[in-house]
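# Understanding the architecture of this molecule
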Amino acid sequence: MSTTLIPATAPPPARVDLSGIGPPLHGAGALRQVLVLSGRSLRVLREPALLVPNLIEPFLLLLLFSQVFRSLAQVPSFPDGVSYIDYLLPAVLISMGMTSGVKSGLLLSTDLRNGVITRFRTMPLWTGAVLLARSFADAALNAVELLFLLVIGALLFGYAPAGGIAGALGAMLVALSLAWSVGWVFMALTTLLRRPESLQQIGGMLTFPLMFASNAFVTTDGLPTWLRAFAEVNPLTHAINAARGLALGAATPSMVLWPLCMCAVTVLVAAPVAMRGFRRP
Amino acid sequence: MIEVAGLTKAFGATRALEGVSFTVPEGTVLGLIGHNGAGKTSLINILSTLLPPTSGTARVAGYDVVRQGAQVRARIGLTGQFASIDETMSGRDNLILLARLLGAGRRAAASRVAYLLEIFRLSTVANRAARTYSGGMRRRLDLAASIVGRPQVIFLDEPTTGLDPEARHDAWDLVQQLVDDGTTVLLTTQYLEEADRLAKSIVVLAAGRVLASGTPAQLKAEVGERSVTVVLGDGAVGPAALAALERANLTGTYDRARRSVTVPIHDAAMVAEVVGCMNEAGARLDGLTVVEPTLDDVYLSLKGSAATGSE
């Protein structure tokens, strides 16, 4: 095979001092790992080209929904003394939270296809670090989007709910909780299915009917009986009620706590499934 | 430092590994040779905790790869066949991310990474996205990524496949330096030459079993020697050449069609003897090649002896 006359003698290697690299490292603490990985996922916040589409989306949603559906405020069952934008905006917050949750799953599947994930698996990395980092980063990005939605709602669309700024921020927190729990469900699905295409379909199939068969755009009183029955058990209706109640300054504790508890329970179920799925080679 | 005993891995009905056992003492290199599908990558994946074994045990740096995976992961580095880096980030950011995850503080990580980029000759491209790197740069970044945390044990899965000769020499130098530094290295390769050059001991893997193991010298003795082939010039000197070799206590075989004589040799100095014999026979030389035993020779020879041994 080889055609050397005399066994090859390599040129003397350039000696480098490997100890100059530094002492051996055995892994950072779990919290540090989550923070470092979240920072990596949040690079998007530093790149305007990537952030802008995320901000255009809420603007379009608000513009279309407020213009297309504004006549719905004339329906007899619509609450008196509430402008349609004040009624609609919390629902748009929830809708964006839902979308953000689905996106968590898609972004995780991109993470899992990255070559570096194999290296992570051979490193002293806590199993939950990659997932938790995804969850944190998405929550931060979602918070920026939701805040942006509130600001343009107030500045351009005349959003001025009775609950004031505190109420609006409360509504935003409900949307964030929903995004967080839906995010864990879709991350669990990602680690189980590992197929972004099917994930996107599941996301679309769930989001669309759940949003429309709810009290997002109209009061449930105006719906046909069968749809109304569904809308009243639809978890999104409860999340929207909580967000709307807080924004309009008319929330009761059970109205807010019930959806938040549902979110927490969802995470408690989905997170272990996601971690188990992630560990699977 | 690495102890493997009776390791078996089955993927459904396919048995990738079948009772593999060997040990690698601390601070040495073991060369694991075998063709594609021999089970090399499955073995590396089990030892680096990526895959659970079906049966058998493996200990790395004193820890069981199944029950103490976390401790194993804290002490190993892996360079697989495909670069395990984030293509969207720069070389520097890749290494900093790993250093930070391994526990280096912000400033310590920066200086550690600057040093690594320097010794891997990546400083000039450090801030470019890794996806723009050439194959050689990518491989160097991947190797640098494997030693960011100065692991005790390093697994290199075909580290020189697809590299140009210069880059291959660089990789070999690095392995040598890692060993000088006290690191234990398990290296897989398809090239006997590479294992020969770097490894104190060699394990030959075929169809998931250990076909042979030993020092390079022992294996070669089993396989057969190197040989020198000379191509003779004009003139019917073949028989004369063989006679001259015989007088020097060498045995050659003459290939009439190629006008060549092949002589097995033990060491490089014998090349001169062979050339001397050709001069003595009055033969002009048109060419000379030294042929090293190849992995194929090892396979064929070992499989042959395995077959006769079982009869």
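The structure under discussion appears in the preceding block.
Let me begin by describing the structure that accompanies this report. (Residues numbered from 1 in each chain as written. Chains lettered and ligands numbered in written order. Predicted model: local features only at pLDDT ≥ 70, side-chain atom pairs only at ≥ 80, totals over all residues. Heavy atoms only, no water.)

### Brief notes about the overall build of chain A
Quick reminder of the rule: The numbering of helices and of strands both runs from the N terminus, where a helix is a DSSP run of H or I of at least 4 residues and a strand a run of E of at least 2. Based on C-alpha atoms, the radius of gyration is set beside the globule rule, defined as 2.2 Å times the residue count to the power 0.38. Burial classes: relative accessible area under 20% of the type maximum marks a residue as buried, over 50% as exposed, and values in between as partly exposed (1.4 Å probe, protein chains only). Contact between two residues is taken to exist if any of their heavy atoms lie within 4.5 Å; hydrogens are not considered. Methods summary: accessible areas were calculated by the Shrake-Rupley approach with a probe of 1.4 Å, and residue burial reflects only the protein chains presented. The sign given to each residue is positive for Lys and Arg and negative for Asp and Glu; His and the chain ends receive no count. Where a charge sits is defined by one atom per residue type, namely NZ (Lys), CZ (Arg), CG (Asp) or CD (Glu).
If you tally the helices and strands in chain A, you get 10 helices and 0 strands. For chain A, the succession of helices and strands along the chain, N to C, is α-α-α-α-α-α-α-α-α-α. On C-alpha atoms alone, chain A measures out to a radius of gyration of 24 Å, which is more than a quarter above the 19 Å that the 2.2 N^0.38 rule sets for 281 residues. Seen through its principal axes, chain A has C-alpha atoms that stretch 100 × 40 × 35 Å. Buried residues in chain A amount to 48% of all 281 residues. Sequence separation of at least 24 residues holds for 78% of the intrachain contacts in chain A that already meet a minimum separation of 6. For chain A, the exposed area adds up to about 13,500 Å²; of that, 71% sits on carbon and sulfur atoms. For chain A, the distance from the average site of its 18 positive side-chain charges to the average site of its 11 negative ones is 14 Å.

### Regarding the sheet that holds strand β11 (residues 226–232) of chain B
Residue and element names in this part refer to chain B. Short version of the rule: Between any two strands, at least two bridges found by DSSP are needed for them to pair. To obtain an axis, a line is fitted to C-alpha atoms, over the contacting stretch when the element is a helix, and the angle between two such axes runs from 0 to 180 degrees between their N-to-C directions.
Strand order in the open sheet made by the 4 strands is β12-β13-β11-β14, with antiparallel pairing throughout. Edge positions in the sheet fall to β12 (253–255) and β14 (285–291), since each has one partner strand and no second. In this sheet, adjacent strand axes meet at a mean angle of 20° when their direction is disregarded. Looking at chain direction, β11 and strand β13 (residues 260–265) are connected through 6 bridges and run antiparallel. Residue pairing for β13: S227 is matched across the bridge by P264.

### Remarks on the interface of chain A and chain B
So the rule is basically this: Put simply, a salt bridge is a Lys or Arg side-chain nitrogen that is within 4 Å of an Asp or Glu carboxyl oxygen. Any N or O atom pair separated by 3.5 Å or less is treated as a polar contact, with the protein-specific requirement of one donor-capable and one acceptor-capable atom, and with residues adjacent in sequence counted only for side-chain atom pairs. All amino acids are sorted into three groups, where Ala, Val, Leu, Ile, Met, Phe, Trp, Tyr, Cys and Pro are nonpolar, Asp, Glu, Lys and Arg are charged, and the leftover types, Gly among them, are polar.
If you look at the interface, chain A gives 42 residues, while chain B gives 55 residues. One can count 2 salt bridges joining chain A with chain B. A salt bridge links B:D86 to A:R40, with the shortest nitrogen-to-oxygen separation between them at 2.7 Å. Here chain A and chain B share 15 residue pairs in polar contact (both at pLDDT 80 or more) between them. Across the side of chain A that touches chain B, the residue classes tally to 22 nonpolar, 13 polar and 7 charged.

### Things to note about empty space enclosed by the protein
Definition in use: In this analysis a 1.4 Å probe is tested at points of a 1 Å grid over the protein atoms alone, and where it fits but cannot get out there is a cavity; an open set with protein on both sides within 12 Å along at least five of seven lines is a pocket; lining residues have an atom within 4 Å of a point. Grid points are joined across faces, edges and corners, and a volume is the space filled by probe spheres set on the points.
Summed over all chains, the structure comprises 8 cavities of 30 Å³ or more. Approximately 140 Å³ is the volume attributed to the largest cavity. Lining of the largest cavity is provided by 18 residues; of these, A:M123, B:I76, B:G77, B:L102 and B:S146 occupy positions nearest its centre. Mapped onto the lining of the largest cavity, the elements with two or more residues apiece are β6 (76–79) and α5 (135–147) of chain B. Looking at the lining of the largest cavity, the element that brings in the most residues is β6(B), giving 3 residues. A volume near 70 Å³ is recorded for the second largest cavity. Lining the second largest cavity we find A:S100, A:S104, A:S135, A:D138, A:A139, A:L176, A:A179, A:W180, A:G183, A:W184 and A:M187. Elements with a minimum of two residues in the lining of the second largest cavity: α3 (84–113), α5 (127–156) and α6 (164–193) of chain A. Broken down by element, the lining of the second largest cavity gets its largest block of residues, 6 residues, from α6(A). Classifying every residue of the lining of the second largest cavity by side-chain character gives 6 nonpolar, 4 polar and 1 charged.

### Some words on the layout of surface pockets
All names here are of chain A. Approximately 610 Å³ is the volume attributed to the second largest pocket. What lines the second largest pocket is a set of 23 residues, among which S41, V44, L50, L107 and R134 lie closest to the centre. Mapped by element, the contributors of at least two residues to the lining of the second largest pocket are α1 (30–41), α2 (48–68), α3 and α5. For the lining of the second largest pocket, the element with the highest residue contribution is α5, accounting for 6 residues. Here the residues of the lining of the second largest pocket are counted per class, giving 6 nonpolar, 7 polar and 10 charged.

### A word on unusual backbone geometry
Residue and element names in this part refer to chain B. With a phi close to 65°, T49 is a non-glycine residue in the positive phi region. Assignment of secondary structure puts T49 in the loop between α1 (40–47) and β4 (55–60). A relative accessible area of 15% places T49 in the buried class.

### A few points about the packing of aromatic side chains
Defined as follows: Stacked, tilted and edge-to-face pairs are distinguished by plane angle, under 30 degrees for stacked and over 60 for edge-to-face with tilted covering the rest, among Phe, Tyr and Trp rings (Trp via its six-membered ring) whose centres lie within 6.5 Å. Only when the NZ of Lys or the CZ of Arg is both within 6 Å of the ring centre and within 35 degrees of the ring normal is a charge said to sit over the ring.
Overall, the coordinates contain 7 aromatic pairs over all chains when judged by the stated rule. Taking the centre distance of 4.7 Å and the plane angle of 50° together, the rings of A:F65 and A:F217 count as tilted. Here the residue A:F65 occupies a position in helix α2, and A:F217 occupies one in the loop between α7 (196–212) and α8 (225–233), the gap between them amounting to 152 residues. Judged on exposure class, the residue A:F65 and its partner A:F217 are both buried. Feature note: the residues A:F65, A:F69, A:F208, A:F212 and A:F217 constitute an aromatic cluster, connected by ring pairs. The residue whose ring lies beneath A:R121 is A:F278, and the NZ or CZ to ring-centre distance is 4.9 Å. The aromatic ring of B:Y191 is capped on one face by B:R168, whose charged end is 5.0 Å from the ring centroid.

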